[in-house]
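Coordinates in review
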Amino acid sequence: SNYHTQSAHGDVPALTLVLNDADTGSNPTTAHGCHKQCQRGHVDGSSVAAAVSALLRAGSDPDHGAPLIENDIRISALYFCASHGLEVPAQILIDAGADLNAFNEEFSNPLHVASQTGHSKMVQLLIDARALINARRPDSNSTPLITAAQKDRADVVALLIAAGAPLEDELPNGNTALGAAVDKGWVESTSLLLEAGANPLASFMYQGRRWTAEEN
């Protein structure tokens, strides 16, 4: 196609054409089409994977050759895949050397967003690729484990625990992953963290106030 030809000559950022060309509307390999179809559960990643593979072969940089825009935030192609659970194109990007740990303008990275959205297979893929499992968000100091515990993504909590994620890392308010789960009332995530050895006597924030061991 014309955009493949232009990409091969370096005239346009390849992945942007594939994933971020809003003019192509319903094309499932564009960001406009992908965003809509991902929300409807229609995209399994295979069409995106085929396009990404072709355009990476044409010389596109997996990180900087094609910044995407989603909700007015610049994101990498890998972040897009992680946020929508598109494992096949994510693996292609990882194999091409995509940055696993880069934070976007909203201080989130691929493992954080996969943990937040509960895409457990994506989380495992990123763990296997050696993403930093305790990378802290620059804005909130949250880790992927704390993020998963806050959202009660129990499958993800279990994966991160198994991968050795620190249990006692704290938010600025003093909450650990366990405190975050307790604060939200999430029974399953709380149980997993306790079984893994999280300290039940640590102080934590609950309903806007700090509770100490003596009050537990």
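Residues numbered from 1 in each chain as written. Predicted model: local features only at pLDDT ≥ 70, side-chain atom pairs only at ≥ 80, totals over all residues. Heavy atoms only, no water.

A word on the overall build of the protein chain
Stated precisely, the cut-off is as follows: A helix here means a DSSP run of H or I that spans at least four residues, while a strand means a run of E at least two residues long, and both kinds are numbered starting from the N terminus. Note on contacts: a residue pair is in contact if any heavy atoms of the two residues lie within 4.5 Å. The protein chains shown are the only cover counted for residues, whose accessible areas, like all others here, come from Shrake-Rupley with a 1.4 Å probe.
A count of helices and strands for the protein chain gives 12 helices and 4 strands. Considering only intrachain contacts with a sequence separation of at least 6, the fraction spanning at least 24 residues in the protein chain is 60%. When the accessible surface of the protein chain is totalled, it reaches about 10300 Å², and 48% of it is carbon and sulfur.

Some remarks on the nonpolar core
The test is simple: In this text, buried Ala, Val, Leu, Ile, Met, Phe, Trp, Tyr and Cys residues form a nonpolar core when linked through side-chain atoms within 4.5 Å. Only protein chains enter the calculation, and the probe is 1.4 Å; a residue is then buried if its accessible area is under 20% of its type maximum, exposed if over 50%, and partly exposed in between.
Judged by nonpolar contacts, the single largest core of 42 residues is most densely connected at L78, L93, V123, L126, L145, L160 and L193. Top contributing element to this core by residue count: helix α5 (residues 77-84), with 6 residues.

What about helix α8 (residues 120-128)?
Along α8, the residues that are buried comprise M122, V123, L125, L126 and I127. Packed against the buried residues of α8 are α5, α6 (87-95), α7 (110-117) and α10 (154-162). Directly after α8, the chain includes R130, whose backbone phi takes a positive value near 75°.

What about the packing of helix α11 (residues 177-184) against helix α12 (residues 187-195)?
If you want to describe how two helices pack, look at the angle between their axes and the distance between the axes. How we decide: A fitted line through C-alpha atoms represents every axis, and for helices the fit uses only the stretch in contact; the resulting angles, taken between N-to-C directions, go from 0 to 180 degrees. Between 65 and 115 degrees an angle is taken as roughly perpendicular, under 35 as roughly parallel, over 145 as roughly antiparallel, and anywhere else as oblique. Take the far helix as your reference; a near helix turned counterclockwise from it by less than a right angle gives a left-handed crossing, and one turned clockwise gives a right-handed crossing. Residue classes follow a fixed rule: Ala, Val, Leu, Ile, Met, Phe, Trp, Tyr, Cys and Pro count as nonpolar, while Asp, Glu, Lys and Arg count as charged, and any other residue, Gly among them, counts as polar.
Closest axis-to-axis distance for the α11/α12 pair is 8 Å, and the angle between their directions is 155°. Classified by the angle between their axes, α11 and α12 sit roughly antiparallel to one another. The hand of the α11/α12 crossing is left-handed. From α11, A177, L178, A181 and V182 reach across to α12, where they touch S189, T190, L193 and L194. Looking at the contact of α11 with α12 residue by residue, the classes come out as 6 nonpolar, 2 polar and no charged.

A closer look at unusual backbone geometry
Positive phi outside glycine occurs at R130, with the angle close to 75°. Its identity as a non-glycine residue notwithstanding, N141 has a phi of 70°, on the positive side. Among the secondary structure elements, N141 is positioned in the loop between α8 and α9 (144-150). For N141, a relative accessible area of 30% translates into the label partly exposed.

Quick look at the confidence of the model for the protein chain
As a reminder of what qualifies: As a per-residue quantity, pLDDT reports the predictor's confidence and falls between 0 and 100.
For the protein chain, the average pLDDT comes to 76, and 65% of its residues sit at 70 or higher. Predicted confidence is poor over residues 1-43, with pLDDT under 50, and the contacts of this stretch with residues over four places away or in other chains come to 85 contacts.

Some remarks on α7
Selection criterion: N or O atoms closer than or at 3.5 Å make up a polar contact, with two conditions inside protein: a donor-capable atom paired with an acceptor-capable one, and, for residues adjacent in sequence, both atoms drawn from side chains.
With respect to burial, α7 is a largely interior element, 6 of its 8 residues being buried. Of all the residues in α7, the buried ones are P110, L111, H112, V113, A114 and S115. Its buried side turned inward, α7 meets α5, α8, α9 and α10. At the N-terminal boundary of α7, the capping side chain belongs to N109, with an oxygen 3.2 Å from the backbone nitrogen of L111. Backbone geometry just downstream of α7 places G118 in the positive-phi region, at approximately 80°.

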